[in-house]
Amino acid sequence: PEIVAPEVTARVHQAMRDLDYQPNRHARALSGIDTKTVGLLFFNDLWDLVLNPFWGMATSTVYDHLLANDLDCNLIALGKSITSSDRLSTPERYREFLRTRNVDGFFVVGNVDPDQECHLASSATPVVMWGKPAFADSPLTFVDTDHARGATMAVDYLADAGRTRIATITGDLSVAAARDRFAGYQDALARHHLEANSDLTAAGDFGRESGAVAMRDLLDRGVAIDAVFAANDEMALGALDVLDARGISVPEEIAIVGFDNVTLERPVQRRLTSIRHQYDVIGTMLVTALVARMHGGYVASSLVPPVLIAGDTA
């Protein structure tokens, strides 16, 4: 039986047309209808989106491709202060947190620790990661840059230019991408029959200041260096600051190659030679994979080869 009289229904529909009414997606979600909204879980502090150009590029690329597919996106920042809180202290609470976001799927961007990865893998909501999981047998679908290949490309470029004492500034080696870049650097040195030892390696944390500290350390060791591969652009710029301050010409005396290719223009307009992620390709593949998962399908994980962008520093 009809509860609302036909003439009332007609007036309501006319009012909706007059007001250009659009249904509230959160209300629709409560009635079991797809929200056409996904959550972007950013596993770093929100400030990193401002301070580190890579994260800004990564999240905005995904967001652009979501909009092109008529999907809304909610950014959910999960820095250490949040992930270590009582709210997410057990697997059950973690799953409940994910379940109550009112989204159809999740993108994961940022530095996810193994425990969080396990929670995500057990989520009832589809999850796709930008970056390789910590566990090789993880069921999570991912798309990532081939970091080892990128590092190899950097060393090949420097070695082909005649550089024979190629140092590296590593990123935080607790992060899979940093380990892969370091492994690619080592493999390329061996293939070119170039020396690889601890005197040519300095540790950074992906921040610009850590690149400066590492570069000072390398120079103060007194070992011969004619090139540096820095595991990201921010550290490469920190190293370049030190070389400029010490009057060491780049690239004539020491060449520098970075990784990410998202740095802003420097005041002297010197373009950093860098390994670039194929951001648009990765963004497209991530959205394709998540949409497939949201509809019960499956897309295999992928590694995307990067490209080298020649600049003025190597």
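What you are looking at is a predicted structure, and each value in this text was computed from that prediction instead of being measured. (Residues numbered from 1 in each chain as written. Predicted model: local features only at pLDDT ≥ 70, side-chain atom pairs only at ≥ 80, totals over all residues. Heavy atoms only, no water.)

**Some words on the nonpolar core**
Logical step 1: Grouped together as the largest cluster of nonpolar side chains are 46 residues, with contacts concentrated most on Ile-166, Ile-169, Tyr-185, Met-215, Val-228, Leu-243 and Ile-256.
Logical step 2: Going through the elements one at a time, helix 8 (147-160), strand 6 (166-170), helix 9 (176-191), helix 10 (208-220), strand 8 (227-230), helix 11 (233-245) and strand 9 (255-260) are the ones with two or more residues in this core.
Logical step 3: If one sorts the elements of this core by residue count, helix 11 sits on top with 7 residues.
Logical step 4: By size, the runner-up hydrophobic cluster in this structure holds 23 residues, among which are Phe-42, Leu-66, Cys-73 and Trp-130. (Core = buried A, V, L, I, M, F, W, Y, C linked by side-chain atoms within 4.5 Å. Buried < 20%, exposed > 50% of the residue type's maximum accessible area, 1.4 Å probe, protein only. Helix = DSSP H or I, 4+ residues; strand = E, 2+ residues; numbered from the N terminus.)

**Concerning the pattern of salt bridges**
Logical step 1: Using the criterion set out here, one finds 12 salt bridges in the structure.
Logical step 2: The salt bridge involving Arg-181 is made with Asp-260; its shortest N-O contact spans 3.6 Å. Here Arg-181 is found in helix 9, whereas its partner Asp-260 is found in strand 9, with 79 residues between them in sequence.
Logical step 3: The buried category is assigned to Arg-181, whose relative accessible area is 4%.
Logical step 4: Glu-209 serves as the salt-bridge partner of Arg-216, at 3.8 Å between the closest nitrogen and oxygen.
Logical step 5: Given a relative accessible area of 33%, Arg-216 falls into the partly exposed group.
Logical step 6: By relative accessible area, Glu-209 is classed as exposed at 52%. (Salt bridge = Lys/Arg side-chain N within 4 Å of Asp/Glu carboxyl O.)

**Thoughts on the pairing of strand 9**
Logical step 1: For strand 9, a buried count of 6 out of 6 residues is recorded, marking the element as mostly surrounded by other parts of the structure.
Logical step 2: In terms of strand pairing, strand 8 meets strand 9 through 3 bridges, oriented parallel. Following the sheet pairing, Phe-229 is matched in strand 9 by Val-257.
Logical step 3: The pairing of strand 9 with strand 10 (residues 273-276) spans 4 bridges and is parallel. Bridging across to strand 10, Phe-259 finds its partner in Ile-275. (Pairing = 2+ DSSP bridges.)

**Quick word on the environment of Val-223**
Logical step 1: Relative to the helices and strands, Val-223 resides in the loop between helix 10 and strand 8.
Logical step 2: The exposure class of Val-223 is partly exposed, given its relative accessible area of 21%.
Logical step 3: When the C-alpha positions of Val-223 and Ala-167 are compared, they lie 9.9 Å apart, and in sequence the two are 56 residues distant.
Logical step 4: Leaving out residues up to four positions away in the same chain, Val-223 has contacts with Arg-165, Asp-199, Leu-200 and Leu-218. (Contact = heavy atoms within 4.5 Å.)

**Some remarks on helix 10**
Logical step 1: Here helix 10 is 13 residues long and its end C-alpha atoms lie 19 Å apart, about the 18 Å a rise of 1.5 Å per residue gives.
Logical step 2: Structurally, helix 10 contributes buried residues whose contacts are with strand 6, strand 7 (201-203), strand 8 and helix 11. (Expected span 1.5 Å × (residues − 1).)

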